[in-house]
Every structure is written in structure tokens, then in C-alpha cells.
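# Results of the structural survey
One letter stands for each residue in the lines below.
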Amino acid sequence: DVKVTQSSRYLVKRTGEKVFLECVQDMDHENMFWYRQDPGLGLRLIYFSYDVKMKEKGDIPEGYSVSREKKERFSLILESASTNQTSMYLCASSFTNRETGELFFGEGSRLTVL
Amino acid sequence: DQQVKQNSPSLSVQEGRISILNCDYTNSMFDYFLWYKKYPAEGPTFLISISSIKDKNEDGRFTVFLNKSAKHLSLHIVPSQPGDSAVYFCAGYLGGFKTIFGAGTRLFVKA
């Protein structure tokens, strides 16, 4: 059974703290993504990576960085968390050659910044 | 600029009846449209897709219709079941790494 696993389901952090969200996929997918989901806004792309050590900004990269040191692992970093980063964070992966662009999502990490 | 719009935040349907979820788009360059289903505290899962050159795609109880002239697509669920209660996201795939999601529609199927 294919799987995208996110390290933390629920996190509570304080303003200014550094936050790491980790994602691991076991499908040998080339591409990995970080989205955030907010009510009324759908899913918005933060960053994506198409290969090890490669990263590209998505639609809302401000305040975030990412790291992809291994093919199966993609990390999202909030250098200094702020309250407006309270959200559901979703990691996803996909094959480059998948015609439909189908994404496989993890279960999500709900982050609350106080 | 919202390229994919789901104008109904929620929809309530009786069990056994048809559920119709709607989606409008503005970008004619989408290669595929996809529907994802999301239960609370879980990630979205792929449900069904349709190529931009097709009018209809069917998979069991789920059918997606694409009206290119109106830039509109719809997901039909027949018959609706309580287990279908979830948030449904419409998405347009531009190719490469770009998928644009709508805001989602929460479907309630009443037993």
C-alpha cells in the first residue's frame, strides 16, 4: 500500500519558534510538494521539489523553506513561526510521468502557533 | 486570481439521491481536471479525473462531466451514501508541477 507519512499530526508552537515538518514517501516518486489548506482557500502550494536537492517556490513561499536531501524525504521549515502560519499542512508526492498529475497526500499536520 | 472555483461551500443530500458538485474554471490550458475527496483529519485522496479533451468519465457511482464551452465541470455521485460525506476538491492540472485547487465543497449525506 502506497504511503506518504507526515511526522507530526498535531503541533502547538509559540510565535518565533522554529518548526520542522517532515514527510516521507515510499513510492519512489520524483516529485514532492508542500501545501497548506485553509478554509475557503483550498490547497495552496508552498514549495515543491522535482529531484534531490532541487526546490522551487510555489504560490506562497514567504516565511517557509524546504529541504530535500534524500529522494524519499521532504522537509518544510518555518524559521520563525507566526500566528498567520496556523494551518493544516499537507505533503504530497507524484510521478513525473503521470499524465493526470495525480497527487498522493499524507494525512496532514495541523499546526497551531500561539 | 482564482483559476478554479467551487462556489458552493456546502451541499446536503439525502441518502440514495444524486449529489452534484460543481466547479468552474477560467484557464483553458488545463490538461486534466481531478476530484479529490478529503475526510476530517486525513489527507485528500484522488477520486476521479477527466482529460480536457473528453466530455465524461465514469467510475462506478462517480461520473465527472466537462463542459468546455462553459468552462464548467461537475461531479455526480449516484446513489449518495453516508460514507460519501466529506470535502470534495476540484483541481485543474496544467502539466509539469502545477495543480490549481478550488476551495472545496463539503458534502453531507443524510441517512
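Above this text sits the structure in question.
Everything numeric here is computed off the predicted structure, so don't read it as measured data. (Residues numbered from 1 in each chain as written. Chains lettered and ligands numbered in written order. Predicted model: local features only at pLDDT ≥ 70, side-chain atom pairs only at ≥ 80, totals over all residues. Heavy atoms only, no water.)

## Overview of the overall build of chain B
When its secondary structure is counted, chain B shows zero helices and eleven strands. Traced from its N-terminal end to its C-terminal end, chain B shows the element sequence β-β-β-β-β-β-β-β-β-β-β. Here chain B has a C-alpha radius of gyration of 13 Å; the compact-globule value for 111 residues is 13 Å, and the two agree. Considered along the principal axes of its C-alpha atoms, chain B spans approximately 40 × 30 × 20 Å. Counting the 111 residues in chain B, one finds 48% classified as buried. Once local pairs closer than 6 in sequence are excluded, the contacts in chain B between residues at least 24 apart make up 52%. (Helix = DSSP H or I, 4+ residues; strand = E, 2+ residues; numbered from the N terminus. Rg over C-alpha atoms; globule rule 2.2 N^0.38 Å. Buried < 20%, exposed > 50% of the residue type's maximum accessible area, 1.4 Å probe, protein only. Contact = heavy atoms within 4.5 Å.)

## What about the state of the cysteines?
A full pass over the atoms with the stated rule returns two disulfides over all chains. Here Cys 23 of chain A connects covalently by a disulfide to Cys 91 of chain A, the sulfurs 1.9 Å from one another. Because the torsion about its S-S bond is -80°, the bridge between Cys 23 of chain A and Cys 91 of chain A counts as left-handed. Of this pair, Cys 23 of chain A sits in strand E3 (residues 19-25) while Cys 91 of chain A sits in strand E9 (residues 87-94), and the two are 68 residues apart along the sequence. The exposure classification of Cys 23 of chain A matches that of Cys 91 of chain A, with both residues buried. Disulfide partner of Cys 23 of chain B: Cys 90 of chain B, at an S-S distance of 2.0 Å. On the sign convention where negative means left-handed, the S-S torsion of about -75° between Cys 23 of chain B and Cys 90 of chain B marks this disulfide as left-handed. Here the residue Cys 23 of chain B occupies a position in strand E3 (residues 19-25), and Cys 90 of chain B occupies one in strand E9 (residues 86-95), the gap between them amounting to 67 residues. For Cys 23 of chain B, a relative accessible area of 0% corresponds to the buried category. (Disulfide = S-S within 2.5 Å.)

## Focus: the side chain of Asp 84 of chain B
Residues and elements named next belong to chain B. Looking at the secondary structure, you find Asp 84 in the loop between strand E8 (72-77) and E9. Note on Asp 84: relative accessible area 2%, which makes it buried. Residues in contact with Asp 84, not counting those within four places in the same chain, are Lys 37, Arg 61, Phe 62, Ile 77, Pro 79, Leu 107 and Val 109.

That's the geometry; what it means functionally is another story.
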